[in-house]
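# Structure at a glance
Here is what each chain is made of, one letter per residue.
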Amino acid sequence: CTSAMAVAFGGDETGALVGDVGSFYSKFGFAGEDAAKCVLHSRLAARPGEEGGAMEIDLTDPSSFEFGNERIHVPEPRRRSFVSPLYDGCWDVDARPAGPLEKGELTNWDAIETLWETAFERLKASARDHPVLCAMPSWTTPEAQEMYLELLFERFEAPAVFLSRAASLATFSSGRASAVVVDCGAGTSSACPVVDGYVLLRACEKSTIGGDYLDEKILEKLSEFKPRCVARAERLGHAPPRVSEGLLPLARLDVARELKETLRFDAASKMELPDGTALDPDQFKPVPELLFAPDTGLHALVRKSLHEADVDVRKDLLQSIILSGSGSLFPGLPDRFHHELNANLASTFKTKLVLPSSLERAMAVWIGGSILASLATFKTMWILRAEYEEHGARIFSTRALA
């Protein structure tokens, strides 16, 4: 553990905690580590009459999601007091999941508090003993930033805090200071230019076409089917639980997500429902194509973003276009994105796509925070509790990476 005094005067080891609250997954861990030790489902709902934390994912579990030939360790979560109805058939019909973000904006502060509380518990760490670096959406408003500071200082009593924009951290994770970060997440897709570690806010472009939107489109195409929720007794160790009618929409959404993970840009894929019903892959081919819609696709966001950036930095930005987010893991998506980008940019400069590994793309923001918070040169950026108590949450504006 690191005291506030150690934080103030610095050292290579700050013992900082790093958190990235996302629309679907939230990642937490200690600065200096290669990957987050604690990954939680961001969408929470309480069992009737119970209170508690979020649903945990153990990254050491051998089961995983597959993306082409690569695997990311994201197994089914263990049951906790707050879990997603998608994974538990004993839920009350009135239980509904709620996430911390809506259309990319931090809105549900109860959910954010619950996620952080659960993360501290799972990491066996007290916020009072560790400085906290928190990632936030690149377009987060000053009001939301101040609320985040108040949460970490007032509720969790952290000795020091720093908030950093997601695009900046994704840039650092790739070892660069300037880049265009193209993020494809659950709630939004975005393109944000970063120059010397600072996000060009006026040039950030985002779209609500993300993983959730694709799920909805798959459900629309599944409307003619009536899939059954199938749970294998030999896997569960007991008879499958009965799923109430009120939870069937959530179960169908889980089916849609599983189907989405089989979609590809580079080849046809075999698709079937949990009950074994075979589906025509061509029927679902238009769904991932939505990520390349003429005006809202990933390449269009980059084009609009570069148009808003200063002319003298465009060449450097074109040489570092970083793909991040779990939505970028579709097999064949990077090649398709690079092709569309070159075809739609009226530029004499060549584009260079920075393509980290699958795990690094899925955790790009958290990894960048881990790198930043572990730097000895970063020690002067921390906002100490004494400074917060003297100046209030507005002190963040004097210490932020804009």
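Please read these numbers as outputs of a predicted model, since none were measured by experiment.

The subject of this paragraph is the overall build of the chain. In terms of regular secondary structure, the chain is built from 15 helices and 19 strands. Residue pairs at least 24 apart in sequence account for 69% of intrachain contacts in the chain once pairs closer than 6 positions are excluded. Accessible surface, the chain as shown: approximately 18600 Å² in total, 49% of it carbon and sulfur.

Let us look at the pattern of salt bridges. What the rule picks out here adds up to twelve salt bridges. The residue Arg 155 makes a salt bridge to Glu 113 at a minimum N-O spacing of 2.7 Å. Of the two residues, Arg 155 is situated in helix 3 (residues 142–155) and Glu 113 in helix 2 (residues 109–122); the sequence distance between them amounts to 42 residues. With a relative accessible area of 22%, Glu 113 lands in the partly exposed category. Two residues, Glu 157 and Arg 128, come together in a salt bridge whose shortest N-O distance is 2.8 Å. Placement of the pair is Glu 157 in the loop between helix 3 and strand 10 (160–165) and Arg 128 in the loop between helix 2 and strand 9 (132–136), with a sequence separation of 29 residues.

This part is about the nonpolar core. Counting residues in hydrophobic clusters, the biggest one holds 39 residues, and the most contacted among them are Leu 291, Leu 333 and Phe 337. The element that contributes the greatest number of residues to this core is helix 10 (residues 298–308), accounting for four residues. Here Leu 333 is in contact with Phe 265, Leu 291, Phe 292, Leu 298, Leu 323, Gly 327 and Ser 328, once residues within four sequence places are set aside. Counting 37 residues, the second largest nonpolar core, distinct from the first, contains Phe 30, Leu 101, Ala 393 and Ile 395.

It is worth spelling out the pairing of strand 2 (residues 25–30) at this point. Judged by how many residues are buried, strand 2 sits mostly within the fold: six of six residues are covered. Here strand 2 shows no split at all, with Tyr 25, Lys 27 and Gly 29 on one side and Ser 26, Phe 28 and Phe 30 on the other all buried. Two elements, strand 1 (residues 17–21) and strand 2, share five bridges in a ladder whose sense is antiparallel. In the strand pairing of strand 2, Asp 20 is matched with Lys 27. The turn joining strand 1 and strand 2, which pair antiparallel and follow one another in sequence, is formed by three residues. For strand 2 and strand 3 (residues 38–41), the ladder comprises four bridges, and the chain directions are antiparallel. If you follow Lys 27 over to strand 3, its bridge partner there is Val 39.

On to helix 4 (residues 166–173), then. In terms of residue burial, helix 4 counts as a mostly covered element, since seven of its eight residues are buried. Immediately beyond the C-terminal end of helix 4, within one or two residues, lies Gly 175, with a positive phi of roughly 75°.

This part takes up the packing of aromatic side chains. Counting across every chain of the model gives eight aromatic pairs. Look at Phe 24 and Tyr 25: their rings are 4.9 Å apart centre to centre, the planes differ by 85°, and that puts the pair in the edge-to-face class. Residue classification places Phe 24 among the buried residues on the basis of a relative accessible area of 16%. According to the relative accessible area criterion, Tyr 25 is buried, its value standing at 15%. Three or more aromatic residues joined by ring pairs make a cluster, and in this case those are Phe 28, Trp 116, Phe 120 and Phe 156.

We now examine the side chain of Thr 114. Position of Thr 114 among the secondary structure elements: in helix 2. What makes Thr 114 buried here is its relative accessible area of 12%.

Backbone geometry follows two general trends: most residues other than glycine have a negative phi, and most peptide bonds adopt the trans configuration. With a phi close to 55°, Glu 157 is a non-glycine residue in the positive phi region. Of note, Asp 196 is a non-glycine position whose phi angle comes to about 55°, a positive value. Position of Asp 196 among the secondary structure elements: in the loop between strand 12 (189–195) and strand 13 (198–199). With relative accessibility at 57%, the residue Asp 196 sits in the exposed group.

Per-chain confidence: the chain averages 80 in pLDDT, with 75% of residues scoring 70 or above. Under a pLDDT of 50 for its full length, residues 55–93 has, in the predicted model, 121 contacts with residues more than four places off or in other chains.

Let's shift gears to the packing of helix 10 against helix 12 (residues 333–344). Helices that pack against each other are described as a pair by the angle of their axes relative to one another and the distance between those axes. At a minimum axis separation of 9 Å, helix 10 and helix 12 run at an interaxial angle of 45°. Taken together, the axes of helix 10 and helix 12 are oblique relative to one another. Taken as a pair, helix 10 and helix 12 cross one another with a handedness that is right-handed. Contact residues: Leu 298, His 299, Val 302 and Arg 303 in helix 10; Leu 333, Phe 337, Glu 340, Leu 341 and Asn 344 in helix 12. Per-class residue counts for the contact of helix 10 with helix 12 are five nonpolar, two polar and two charged.

Moving on, we get to the environment of Ala 135. Mapping Ala 135 onto the fold places it in strand 9. With 31 residues separating them in the primary sequence, Ala 135 and Ala 166 have C-alpha atoms 5.6 Å apart.

As a further point, take helix 5 (residues 211–221). Restricting attention to buried positions, one finds in helix 5 the residues Gly 211, Leu 214, Asp 215 and Ile 218. What you see down the axis of helix 5 is that its buried residues fit within an arc of 105°, all on one side.

Quick notes on the rules
- Residues numbered from 1 in each chain as written.
- Predicted model: local features only at pLDDT ≥ 70, side-chain atom pairs only at ≥ 80, totals over all residues.
- Heavy atoms only, no water.
- Helix = DSSP H or I, 4+ residues; strand = E, 2+ residues; numbered from the N terminus.
- Contact = heavy atoms within 4.5 Å.
- Areas by Shrake-Rupley, 256 points an atom, 1.4 Å probe, with all protein chains shown as cover.
- Salt bridge = Lys/Arg side-chain N within 4 Å of Asp/Glu carboxyl O.
- Buried < 20%, exposed > 50% of the residue type's maximum accessible area, 1.4 Å probe, protein only.
- Core = buried A, V, L, I, M, F, W, Y, C linked by side-chain atoms within 4.5 Å.
- Pairing = 2+ DSSP bridges.
- Phe/Tyr/Trp six-rings, centres within 6.5 Å; stacked < 30°, edge-to-face > 60°.
- pLDDT = per-residue confidence, 0-100.
- Axes fitted to C-alpha atoms, helices over the stretch in contact; angles between N-to-C directions.
- Parallel < 35°, antiparallel > 145°, perpendicular 65-115°, else oblique.
- Left-handed = near helix turned anticlockwise from the far one by under 90°.
- Nonpolar A, V, L, I, M, F, W, Y, C, P; charged D, E, K, R; others polar.
- Arc of directions from axis to C-beta.

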